[in-house]
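Residue strings, one per chain:
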Amino acid sequence: MIVQRLPRLGLRTLGAALCLALSYGAPALAKTPADTLVEGFAIDDIISMDPAESFELTAGEVLGNVYSSLVHLDLDDTSKVVGELAESWTVSDDGLTFTFKLKPRLVFASGNPLTADDIAWSFERMVKLDKSPAFLLNQFGLTGENVTQKVKALDPSTLAITVDQPYAPSFVLNVMAASPISAVDRKLVEPNIKTAPVSDTNKYGSDFGNGWLKTNSAGSGPFKLRQWRANEAVVLDRNDKYFGPQAKLARVVYRHMKESAGQRLALEAGDIDVARNLEPGDLTAVLANPKLAVVTKPKGTVYYISFNQKNPNLAKPEVREALKYLIDYDAIGATLIKGIGEVHQTFLPEGVLGALDAKPYKLDVEKAKELLASAGLKDGFTVTIDVRNTQPVTGIAEAFQQSAAKAGVKVEIIPGDGKQTLTKYRARNHDMYIGQWGSDYWDPNSNAETFTANPDNSDAGKIKTLAWRNAWDVPELTARTRAALLEKDADKRADLYRELQKDVLETGPYALIFQQTEVAGIGGNVEGLRLGPTFDTNYVGPVSKK
Amino acid sequence: MSPTVAAASRTGSRPAARLWRPLLGLIRFAAVVATTFLGLLAVTFFIGRVIPVDPVLAVLGDRAPASAMERVREEMGLNLPLWQQFVLYVRQALSGDFGTSVLTTNAVMDDIRRVFPATIELATLGTLIGTGLGVPLGVLAAVKRGSLTDQIVRVIGLVGYSVPIFWLALLSLLIFYARLGWVAYPGRIGVAFEYSFTSTTGLYLLDALWQGEWEVAWDVFRHIILPASLLGYFSLAYISRMTRSFMLNELGQEYIVAARAKGLSEARIIWCHALRNAAVPLVTVIALSYANLLEGSVLTETVFSWPGLGLYITNSLQNADMNAVLGGTLVIGATFIGINLLSDLLYRLLDPRTHAR
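Calculation notes
Residues numbered from 1 in each chain as written. Chains lettered and ligands numbered in written order. Predicted model: local features only at pLDDT ≥ 70, side-chain atom pairs only at ≥ 80, totals over all residues. Helix = DSSP H or I, 4+ residues; strand = E, 2+ residues; numbered from the N terminus. Buried ≥ 20, exposed ≤ 12 C-beta atoms within 10 Å, placed from the backbone. Contact = placed C-beta atoms within 7 Å. Axes fitted to C-alpha atoms, helices over the stretch in contact; angles between N-to-C directions. Parallel < 35°, antiparallel > 145°, perpendicular 65-115°, else oblique. Left-handed = near helix turned anticlockwise from the far one by under 90°. Nonpolar A, V, L, I, M, F, W, Y, C, P; charged D, E, K, R; others polar. Pairing = 2+ DSSP bridges. pLDDT = per-residue confidence, 0-100.

1. Concerning the overall build of chain B
Move 1: In terms of helices and strands, chain B carries 15 helices and 0 strands.
Move 2: With the C-alpha coordinates of chain B rotated into their principal frame, the extents come out at 85 × 65 × 40 Å.
Move 3: Residues counted as buried form 40% of the 357 residues belonging to chain B.
Move 4: Considering only residue pairs separated by 6 or more positions, chain B has 72% of its internal contacts joining residues 24 or more positions apart.

As C-alpha cells, this is what we get:
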C-alpha cells in the first residue's frame, strides 16, 4: 500500500516545489554578508588542519592565517624575513645556536599566554609526529631523540634552537617562516591528546593532539578555525585576542568550488567575493568586467622540460643547448600560460633570495641546427617526452613538438596520468619529461638542492633529486650547493646561487620555461587583498569590504 | 487463487518444505551477493595493483626521503606477494575496515559516511523529479502515439540522452542562476547559514525541515533544485521512453479492449488499468536509474560544488588512493544489490500474481 502512495506523494511534493521555485521570480542579487569574505577556492587537497601534518597549498593558506610563526616573510622584499612572534634573534659565534626573544604579552586565540615553552613543544610534536612537514626540521638535524635538548625554552620569552651544522642564518630563518613551524597552544591541546601503548607505529604512545587538531585550531594568528568540512567549506572567525593589528572582517569562508566557470558566475553574481581558480578564458572575462578586479602574484612553482642523461643524444651538451633554442617561449607566454604564468628560465623563482632574472633563450631554429650538426646529429633524432595529461603542460609539449620538428628533432609525446608519469620519472625511465617544481619553503636551497645536487648518481642512489632523476652526475655542483647552504653572509650566498643558476642555464639538463602566477578575481568592493609569494603568505587579515 | 499458486501451496503443505523454500532462496541470494562482492573486490583490487603508479607516492608525495618510502611500503603490505595482499584486503574488508584513505587520512568508512548523504539527497530528489515528470510524459506519448505530443516527448528524451551533462549544467547555471537569479549557488547551503545550521543525518533538506528551520530549508532547496532537476531530467529521458514502450505494450492488450467495452472512462483505463500493469516493469527501470544516480554524478557534482560520492571516488582515483576507491566501489556495489532487492520486493507487492505467495 505504501508503495502505491509513494509516487503520488512524490508528485505532490514536486508540484509544490516547482510552484515555489517559479513564484520566486524576481532576480535578487545575492550578496555576501558585509562582515564576511567569501572565497571560491578548490580546497579538495586539504587533508588536515594540523600544522604539523598538513603540507598542502590550500591548507597552508588557512594555517598561515590561523597560526603564527617565529618569523615570516617580508612581503615588501620576500628575500628577507621579519619577526612575527620573535622580537629579535641572535646567532651564536659557532653558527649553531639561534636564540629568539619573543615579543611581550603574546596570547593564543584561547586566551592562554603564548610562551617559549609552547613553541618548543610545537617543534617537539612536529618532529615526533613525523608527518610530511617534519623534514623541514629534520634537515637541521632535529630528530625525535634530540629535539627536546636541541629546542629549549630558556625562560618564558626566550627560545634557543641548536642546529647540527653552521647553516646560513638566512636559510634557517627562511625555513622557520614556513607555516608548519608555528606555535601551537599546548594548554589547549593537552587535554585532547590521545595516548596508546607504545608500538612500532606509535613510538611515543601519543598522538600529540593530532586527532583533535585535524579539525580544530590552537593558534595565535589573526583568525581561528571555526569549521572545516572536507570538500565543502573552511570557515574562519576573527581572533579578537590577536596580538597584531586586528583583522578587518569578522569571518572568512573558503567555499569549495572546482570549476573555473562556476567561480566566475558566482563572482559576477556576488555570491563570492574572491575567485581563486580562474582559467585563462574566465580570467579574461573578469578582467573585462568593470565591476571586478584581478590581483596577481608570481608563486614559487617553476615548470621545466628535463633531459635524461641516460639517453646518449641528450647527454651531449650541444644537444641540450639546441633543445633550449627549440622552445618558443614567446608564443607559449602569449597564449598557453597567459595570466597563469610568466616566462622564466632560471631555476629559482622570482622573489626568492638570489633569484637570477636572465632570459637568454628564445626560439632560434638556425642556431639549434648548427648546434645539432656540431653534435653529429645533422638530420636530427627521435626522442620521447612524458607529459601528464593536464593543461598547460600538454599544450606546451605540443608546441615544443612542433618547434623541435623544424630542426629535425622528432618528439613523441607519451601522455599519462600525473602519478603515472611521475612514477616513470622517478625510475629514470624517461627521455624527456615536463615537470613542475614548487619550492617547499621560501629559500633558494629548496630548489637548488634538487636541481643542482646529486650525491649518488648510481641507480641505487637514495636521494632522488631532480638531478639524479635525469642522471646528471655533477659532484662539483653538488659541493657548491652545499657550500651555498653554509654561507653566512646573505649577499655572498645570493651570489653563489646566481652562479649555480648560470651554470644550469648554460649546461643543465633542464629547460626552464615559466614561473607560475597566482591570480585571484575579486569583487569591486573588496579592498586590501594581497597575495604573497607562497600560499601561506596569502593573508586575509588586512582585507576589508566597502 | 490461480491454479499455479494453488499447486504451489499444495506441494508446500509439508512443514519442512515450507521452511526450506524461503531458506533456499535466501541462501541463493546470499551466494549471489557474496560472489558479486568477491568479484567486485577482485577486479578493483587487481586493477589498483596493475596500474603503473606507485601507491607509496600517493601517500608520501614526491618529496619524502627514501627511508620513509620503504617504511610506508612495508606498512601498506606492498612488498608481500599479490595474492597475500588480496587475502589481507578481503579479510579487512569483511570486518568492515576499508583502511585509511591516503588522500584525506580518514578511515574510508568515515569519509563515505560523510559524502554519501549528499549524493543520496541529490539522487533521491533527482529521481522524484525524473519519475514525477517522466511517467506522465511517457503515458501521454503512448496514448497520443504518433502525434505532435509524442514527437515532443521524444525530442525531450533525445536531448536528455545526448547532451553532455556538464554543458547543460553550465548552461542552466548561466540561465537560472546568473541571469534569472532563481536558484542559489554554489554548494549545498548559503553562507548565511554556514555556521548556524548543523545537520545530524547529512541530509540537509530533511534536517532543516525536521528542525523547523524554514529559512534554512528554503535556502537548501534553492541550492539543490537545479542540480536535482538536471539529474531528474536525465533520468526522465530514460524513464519516459521506457514508460512509453511499456504503456504501448499494455494498451495493445485484450483487457483494455474489454475495459473499453465495459464502458470505463478512458482516463480510468489509462491511469488505473494500463499504468497499473506497466508499473511492474517500470519499478525496475526507476530503481536502476536511481541506483545510477546514487553512484554519484561526477560532472554534476563538480559543476555544482556538491561534496558527494562521485567526486570523492574520482578524486581518489586520480590520486591512486586505492583504499578509498575500493571502499567506494564496494558501497556502490552494496547499494546496487540493495536497490535490486528492494525493487524485487516492490515487484512482488505490485504484481497481483505474486501476492498470494
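2. A short note on the packing of helix H7 (residues 148-162) of chain B against helix H10 (residues 214-251) of chain B
Residue and element names in this part refer to chain B.
Move 1: Two elements in contact, H7 and H10, have axes whose closest approach is 8 Å; the angle formed by their N-to-C orientations is 130 degrees. When the axes of H7 and H10 are compared, the pair comes out oblique. Regarding H7 and H10, the two cross each other, and that crossing is left-handed. Contacts between H7 and H10 pair Val-153, Gly-157, Gly-160 and Tyr-161 from the former with Tyr-233, Phe-234, Leu-236, Ala-237, Ser-240 and Arg-241 from the latter.
Move 2: Partitioning the contact of H7 with H10 into residue classes produces 6 nonpolar, 3 polar and 1 charged.

3. Structural notes on unusual backbone geometry
Move 1: Here Gln391(A) and Pro392(A) are connected by a cis peptide whose omega angle stands at 0 degrees.
Move 2: By secondary structure assignment, the location of Pro392(A) is in the loop between strand S14 (382-388) and helix H14 (393-405).
Move 3: Here Tyr185(B) and Pro186(B) are connected by a cis peptide whose omega angle stands at -5 degrees.
Move 4: Structurally, Pro186(B) is set in the loop between helix H8 (165-179) and helix H9 (204-210).
Move 5: A positive phi angle is found at Arg105(A), which is not glycine, with a value near 55 degrees.

4. Some details on helix H2 (residues 57-66) of chain A
Along an α-helix, a turn takes 3.6 residues, which lines up residues three or four apart on a common side.
Residue and element names in this part refer to chain A.
Move 1: The buried fraction of H2 is high, at 9 of 10 residues.
Move 2: Inspection of H2 places Thr-58, Ala-59, Gly-60, Glu-61, Val-62, Leu-63, Gly-64, Asn-65 and Val-66 among the buried residues, and these make up the whole buried set.
Move 3: Looking at the buried residues of H2, the elements they touch are strand S1 (36-41), strand S8 (223-229) and strand S9 (233-238).

5. As for the environment of Leu85(A)
Residue and element names in this part refer to chain A.
Move 1: Inspection of the secondary structure assignment puts Leu-85 in the loop between strand S3 (81-83) and strand S4 (86-91).
Move 2: What makes Leu-85 buried here is the crowd of 25 C-beta atoms within 10 Å.
Move 3: Sequence separation of Leu-85 and Pro-104 is 19 residues, and the distance between their C-alpha atoms is 9.1 Å.
Move 4: Leaving out residues up to four positions away in the same chain, Leu-85 has contacts with Ser-68, Ser-69, Leu-70, Leu-102, Lys-103, Leu-106 and Ala-183.

6. Points about the interface of chain B and chain A
Move 1: Tallying the contact residues gives 47 residues for chain B and 49 residues for chain A.
Move 2: Elements supplying a minimum of two residues to the side of chain B that touches chain A: helix H3 (55-60), helix H6 (108-143), H8, H10, helix H13 (298-303), helix H14 (309-318) and helix H15 (322-350) of chain B.
Move 3: Grouping the amino acids of the side of chain B that touches chain A by side-chain chemistry returns 31 nonpolar, 11 polar and 5 charged.

7. Quick notes on the packing of H10(B) against helix H12 (residues 266-294) of chain B
Residue and element names in this part refer to chain B.
Move 1: Direction vectors running N to C along H10 and H12 enclose 155 degrees, while the axes themselves pass 9 Å from each other. Relative to H12, the element H10 lies roughly antiparallel. As for the relative orientation of H10 and H12, their crossing is right-handed in sense. Facing H10, whose interface residues are Leu-231, Ser-235, Tyr-238, Ile-239, Met-242, Thr-243, Phe-246, Met-247, Glu-250 and Leu-251, H12 presents Ala-274, Leu-275, Asn-277, Ala-278, Pro-281, Leu-282, Val-285, Ile-286, Ser-289 and Leu-293.

8. Some thoughts on the sheet that holds S4(A)
All names here are of chain A.
Move 1: Strand order in this open sheet of 4 strands is S4-S5-S7-S6, and the pairing throughout is antiparallel. Pairing within the sheet leaves two strands with one partner each, and these edge strands are S4 and strand S6 (151-155). Strand-to-strand, the axes of this sheet are offset by a mean angle of 25 degrees, without reference to chain direction.
Move 2: Strand direction decides the pairing type here: S4 and strand S5 (residues 97-102), joined by 5 bridges, are antiparallel. Residue pairing across strands places Thr-90 opposite Thr-99, the latter belonging to S5.
Move 3: The sheet strands contacting helix H3 (residues 116-129) are S5, S6 and strand S7 (158-162), and the helix crosses S6 at an angle near 175 degrees.

9. With respect to the pairing of S5(A)
Residues and elements named next belong to chain A.
Move 1: Side chains Phe-98, Phe-100 and Leu-102 of S5 all project onto a buried face; the interleaved residues Thr-97, Thr-99 and Lys-101 project onto a face where none is buried.
Move 2: Joining the antiparallel neighbours S4 and S5 is a turn of 5 residues, in which Gly-95 adopts a positive phi near 75 degrees.
Move 3: With 5 bridges joining them, S5 and S7 adopt antiparallel strand pairing. Across the sheet, Phe-100 pairs through a bridge with Leu-159, a residue of S7.

10. Examining the pairing of strand S12 (residues 292-307) of chain A
Walk down a regular strand and you will see the side chains alternate between the two sheet faces.
Residue and element names in this part refer to chain A.
Move 1: Pairing geometry for S12 and strand S17 (residues 510-523), over 12 bridges, is antiparallel. Paired with Ala-293 across the two strands is Ile-522, which belongs to S17.
Move 2: Across 7 bridges, S12 lies against strand S16 (residues 432-438) in antiparallel orientation. The partner of Thr-301 across the bridge, within S16, is Gly-438.

11. A short note on the confidence of the model for chain B
Residue and element names in this part refer to chain B.
Move 1: With 91% of its residues at a pLDDT of at least 70, chain B reaches an overall mean of 83.
Move 2: Between residues 1-12, whose pLDDT stays under 50, and residues either more than four places distant or in other chains, the model counts 9 contacts.
Move 3: Here the predicted complex scores 0.83 on pTM and 0.77 on ipTM.

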